[in-house]
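Spelled out, the chains give:
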Amino acid sequence: MRTHDSVSILIFNTSRQCFVVVKQFRPAVYMCEIERHQPQVFENQDKESFPSLENPLPAVVGVTYELCAGIVDKPGLSLEEIACEEVLEECGYRVSIADLRRITSYRSGVGVTGSRQTLFYAEVNDQMRTSGGGGQPEEGELIEVVEIPLGESMKFAYDETFPKTMGVIFSFMWFHNNIAPKLPKK
Ligand SMILES: Nc1nc(=O)c2ncn([C@@H]3O[C@H](COP(=O)(O)OP(=O)(O)O[C@H]4O[C@H](CO)[C@@H](O)[C@H](O)[C@H]4O)[C@@H](O)[C@H]3O)c2[nH]1
Ligand SMILES: [Mg+2]
């Protein structure tokens, strides 16, 4: 399978001392939950047809906590430019390239896609917020912006009842190792 590379951004709001992440419905996650709870749906299915769901699970089982992120699908735009666009579209904060710090990159999937994700860090404050974010509904996006207080963030990271991406867990740990020790004491 060939897919686009992507960027993701760890956003920390200094005014509110919280991380800004997104919640999104992911069809693939939803279908994994269907298979876990209703394995019969996938049995004896004609591979050409989509399994019909007689007792659909609530949509919330397909919603995950994620970093703000976007695919790299605009030739001519740098990773940094795409990252700034995603922060504005999805979370409503206006950041410039100078506000971004590159953390690292990694393979976002090695079994199926092999694509690479580059992770950035952006500090924001309430003055930089220009809208509520939410993504682009006309492109089928339905994004909820969520704030995770710094003091609760490591508990959140390891709490398996909040489904999330590895990027969230890794970047929160990176923050605690690299940024938190230098924060002004409040
Ligand atoms: N968001 C996120 N957080 C992580 O922690 C995280 N960790 C890994 N990933 C992977 O990064 C890739 C890109 O992320 P997005 O799906 O958020 O990309 P977008 O460009 O924002 O949106 C696209 O998908 C939308 C539907 O959701 C459409 O409507 C758009 O047209 C379309 O461009 C995906 O492969 C995802 O697996 C994360 N992605
Ligand atoms: Mg996105």
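So, here is what we can say about the structure in this document. This structure is a prediction, so every number in the text was calculated from the model and none was measured.

Some words on the site of ligand 1
The environment of ligand 1 is made up of 14 residues, and the closest members are E66, L67, I71, E139 and T165. Note that an oxygen atom of ligand 1 is positioned 2.9 Å from one of the backbone N or O atoms of I71. Between ligand 1 and Q117, the relevant distance is 3.1 Å, taken from an oxygen atom to a side-chain nitrogen or oxygen of the residue. In isolation ligand 1 has 710 Å² of accessible area, and contact with the protein removes 72% of it. When each cavity is represented as a set of grid points, ligand 1 is found to reside in the largest pocket. Breaking the shell around ligand 1 down by element, the ones donating at least two residues are β4 (68-71) and α2 (79-91). Broken down by class, the residue content of the shell around ligand 1 amounts to three nonpolar, five polar and six charged.

Let's talk about the coordination of the magnesium ion (ligand 2)
Only A69 (O) and E90 (OE) from the protein reach the magnesium ion (ligand 2) as donors, at distances of 2.1 to 2.2 Å. Remark: E90 occurs in helix α2 and A69 occurs in strand β4; sequence separation between them is 21 residues.

Brief notes about the side chain of Q117
As for its position among the elements, Q117 is in strand β6 (residues 116-124). In this structure the side chain of Q117 is engaged in a polar contact, spanning 2.9 Å, whose partner is the side chain of S6. Separated by 2.8 Å, the side chains of Q117 and Y106 make a polar contact. Apart from residues no more than four positions distant in its own chain, Q117 is found in contact with S6, V7, S8, A69, T104, S105, Y106 and S108.

Reading guide: rules and limits
Residues numbered from 1 in each chain as written. Chains lettered and ligands numbered in written order. Predicted model: local features only at pLDDT ≥ 70, side-chain atom pairs only at ≥ 80, totals over all residues. Heavy atoms only, no water. Near = heavy atom within 4 Å. Polar contact = N/O pair within 3.5 Å; in protein donor to acceptor, adjacent residues only side chain to side chain. Areas by Shrake-Rupley, 256 points an atom, 1.4 Å probe, with all protein chains shown as cover. 1 Å grid on protein atoms, 1.4 Å probe; cavity = no way out; pocket = protein on both sides within 12 Å on 5 of 7 lines; lining within 4 Å. Sits in = over half its atoms within 2 Å of the grid points. Helix = DSSP H or I, 4+ residues; strand = E, 2+ residues; numbered from the N terminus. Nonpolar A, V, L, I, M, F, W, Y, C, P; charged D, E, K, R; others polar. Donors = N, O, S within 2.8 Å, 3.2 Å for Na, K, Ca; no water. Contact = heavy atoms within 4.5 Å.

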